[in-house]
Structures are given as structure tokens and as C-alpha cells.
Amino acid sequence: MIKVAITGSIGMGKSTVAAMFERAGVPLFDADAEVRRLQGEGGTLVEPIGVMFPESIKNGRIDREALGAAVIGNPAALAKLEALVHPAVRAARDRFIAENRDQPILLFDIPLLFETGGEVDADKVIVVSAPAAVQHRRVLARPGMTPAKLEGILARQMPDAEKRERADFVVDTSGTMEETEAQVQAIVACLRDSQAR
């Protein structure tokens, strides 16, 4: 089994590319989706996060915007939150690996892969990338996004150029969907070929 991590800065198209790998038959573990599940109604993190950040609880679930406001710019608060979230996500990841142990390739969508040292658990790393102008255009088109918010997010993320240098594969999403899909198919073929050897 090859464990492949996929990452990329905000607005690079990582989720779209991860879905392409999934359509190509590669099982996908989405760390962000798992966090949303854990923080959603009935999620195991709702109560402990609510104790730490009471203002973030709304209707029995975590209001991600309120939680973000409580931790952005506050490294101590962010560290406390991560100490709750990371072990819970790791446990879910371990279950995913166990459930898919017969698969030749597993893909792990991890937004802050390098920032959290998560690359040590991966056999290969894919970085999804696009030119800064494309990235900014995509992100600023999102509802509620501002240049100041974007700068705050980028300040917490490793620069794209550094991520590309550390990658085994880079998927450039500045072209058409078909061009991106072709890159994904080539990577899947390469990984399957290396498994077969």
C-alpha cells in the first residue's frame, strides 16, 4: 500500500483534484471533512471545544466562523484547539487505513500537511498549485472573503513555492479541467506502476 498525501494552499483546487483521484478509484480520506463531522451535530468534539470556546457553540454544533474568530491571531488558543482536533482526526485516519488495507493506493487530503509535520506519515506527497494571481482571484470570489482575511490565511500556510519543492508530484490547476484530469491520471498510472514492480 502506498500512502499518498495531497495538499495545497487555499484556492489552489486541492478538493477538486482530490475528487478526481477518488473518481479514478483511489480511496480518499479528507481531513477537513472529518473535522466538520467531529464538530457537527452529535460530533465527539462539540462538547470539549464548547468548554474551551463557549462562544463557538450554536444549535448543538460548532460554528466554524465563531471558532475561527476565537483562534485566529491567538497562537495559544489555536494550540489548545489543535491539541483536541489532531488526535481525533488521527484516530479516524487509522480507522480509514484499517478499512482500506487491501487497496494499493490511499489518498489523504491534508490542507496543512507540511505545517503540521504530517508528511512523515506519507510515502508520496502531491502538491496542488496555481499561479498566485489565479489563487487570489479564486479565493476573493468566495462569499465573505476579503484581502485581509486571505493574507491572514496565507500567513499561516507554507509558501506555495516551498511546498512545490518538497512535493513528489505537482498538479498545476491553472489550465482546463481536462488538463488537470490528465495530470491526475498520469500520477495514478505512475503510482500503480511503482506498486506493481
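Note: the structure precedes this text.
Residues numbered from 1 in each chain as written. Predicted model: local features only at pLDDT ≥ 70, side-chain atom pairs only at ≥ 80, totals over all residues. Heavy atoms only, no water.

Participant: Would you take a moment to explain the side chain of Q39 for this structure?
Facilitator: For Q39, the location among the structural elements is in helix α2 (residues 31-39). Judged by its relative accessible area of 5%, Q39 falls in the buried class. Filtering out sequence-adjacent residues up to four positions away, Q39 remains in contact with V46, I49, R61, I62, R64, L67 and V85. (Helix = DSSP H or I, 4+ residues; strand = E, 2+ residues; numbered from the N terminus. Buried < 20%, exposed > 50% of the residue type's maximum accessible area, 1.4 Å probe, protein only. Contact = heavy atoms within 4.5 Å.)

Participant: Can you walk me through the sheet that holds strand β7 (residues 169-172) in this structure?
Facilitator: Where strands meet in a sheet, backbone hydrogen bonds hold them as pairs that are either parallel or antiparallel. The strand order β2-β5-β1-β6-β7 describes an open sheet built from 5 strands, whose pairing is parallel. Edge positions in the sheet fall to β2 (28-30) and β7, since each has one partner strand and no second. Strand-to-strand twist of the sheet, defined as the mean angle between neighbouring strand axes without regard to direction, takes the value 20 degrees. Of the pairings in the sheet, the one linking strand β1 (residues 2-7) to strand β5 (residues 105-109) comprises 5 bridges and is parallel in character. Residue K3 lies in a different strand from β5, and its bridge partner there is L106. Strands β2 and β5 of the sheet are contacted by α2, whose axis makes an angle of about 50 degrees with β2. The strands that helix α5 (residues 75-99) touches are β1, β2 and β5; relative to β5, the one it contacts most, it runs at about 160 degrees. (Pairing = 2+ DSSP bridges. Axes fitted to C-alpha atoms, helices over the stretch in contact; angles between N-to-C directions.)

Participant: Looking at this model, I keep getting lost on the packing of α2 against α5. Mind explaining?
Facilitator: Any two packed helices are characterised by the angle at which their axes cross and by the distance between the axes. One way to put it is that α2 packs onto α5 with a least axis distance of 10 Å and a crossing angle of 115 degrees. Considering their axes alone, α2 and α5 lie roughly perpendicular with respect to each other. For α2 against α5, the interelement crossing comes out right-handed. Residues A31, E34, V35, R37, L38 and Q39 of α2 lie in contact with α5, whose contacting residues are V85, A88, V89, A92 and R95. For the contact of α2 with α5, the residue count by class is 7 nonpolar, 1 polar and 3 charged. (Parallel < 35°, antiparallel > 145°, perpendicular 65-115°, else oblique. Left-handed = near helix turned anticlockwise from the far one by under 90°. Nonpolar A, V, L, I, M, F, W, Y, C, P; charged D, E, K, R; others polar.)

Participant: Would you mind showing me how to read the pairing of β1 here?
Facilitator: In regular strands, side chains alternate between the two faces of the sheet. Counting buried positions along β1 yields 5 of 6 residues, so the element is predominantly enclosed. With 4 bridges joining them, β1 and strand β6 (residues 124-129) adopt parallel strand pairing. Note that in β6 the partner of T7 across the bridge is V127.

Participant: Is there a simple way to explain the packing of aromatic side chains in this structure?
Facilitator: Geometry of an aromatic ring pair is reported as the spacing of the ring centres plus the angle between the planes. The final tally for this structure, using the stated rule, is 3 aromatic pairs. The interplanar angle of 85 degrees and the centroid separation of 5.5 Å between the aromatic rings of F96 and F108 together place this pair among those described as edge-to-face. Taken as a pair, F96 in helix α5 and F108 in strand β5 lie far apart in primary sequence, 12 residues in all. Overall, F96 belongs to the buried group, its relative accessible area being 9%. F108 gets classed as buried once you look at its relative accessible area, which sits at 2%. Connected via pairs of aromatic rings, a cluster forms that spans F29, F96 and F108. The ring of F108 has R93 lying over it, and the distance from NZ or CZ to the ring centre is 4.5 Å. (Phe/Tyr/Trp six-rings, centres within 6.5 Å; stacked < 30°, edge-to-face > 60°. Lys NZ or Arg CZ within 6 Å of the ring centre and 35° of its normal.)

Participant: Could you clarify how one ought to interpret the nonpolar core in this entry?
Facilitator: Side chains that are nonpolar tend, in soluble globular proteins, to be buried together. Counting residues in hydrophobic clusters, the biggest one holds 31 residues, and the most contacted among them are F29, I49, F53, L81, V85, V89 and F108. Elements with a minimum of two residues in this core: α2, α3 (46-52), α4 (64-71), α5, β5 and β6. Among the elements that take part in this core, α5 stands out by supplying 8 residues, more than any other. If sequence neighbours within four positions are ignored, I49 has contacts with Q39, S56, I62, L67, L81, L84 and V85. Ranked by size, the runner-up nonpolar core spans 23 residues in total, among them F21, V128, V134 and L191. (Core = buried A, V, L, I, M, F, W, Y, C linked by side-chain atoms within 4.5 Å.)

Interpretation in functional terms is not warranted from these geometric data alone.
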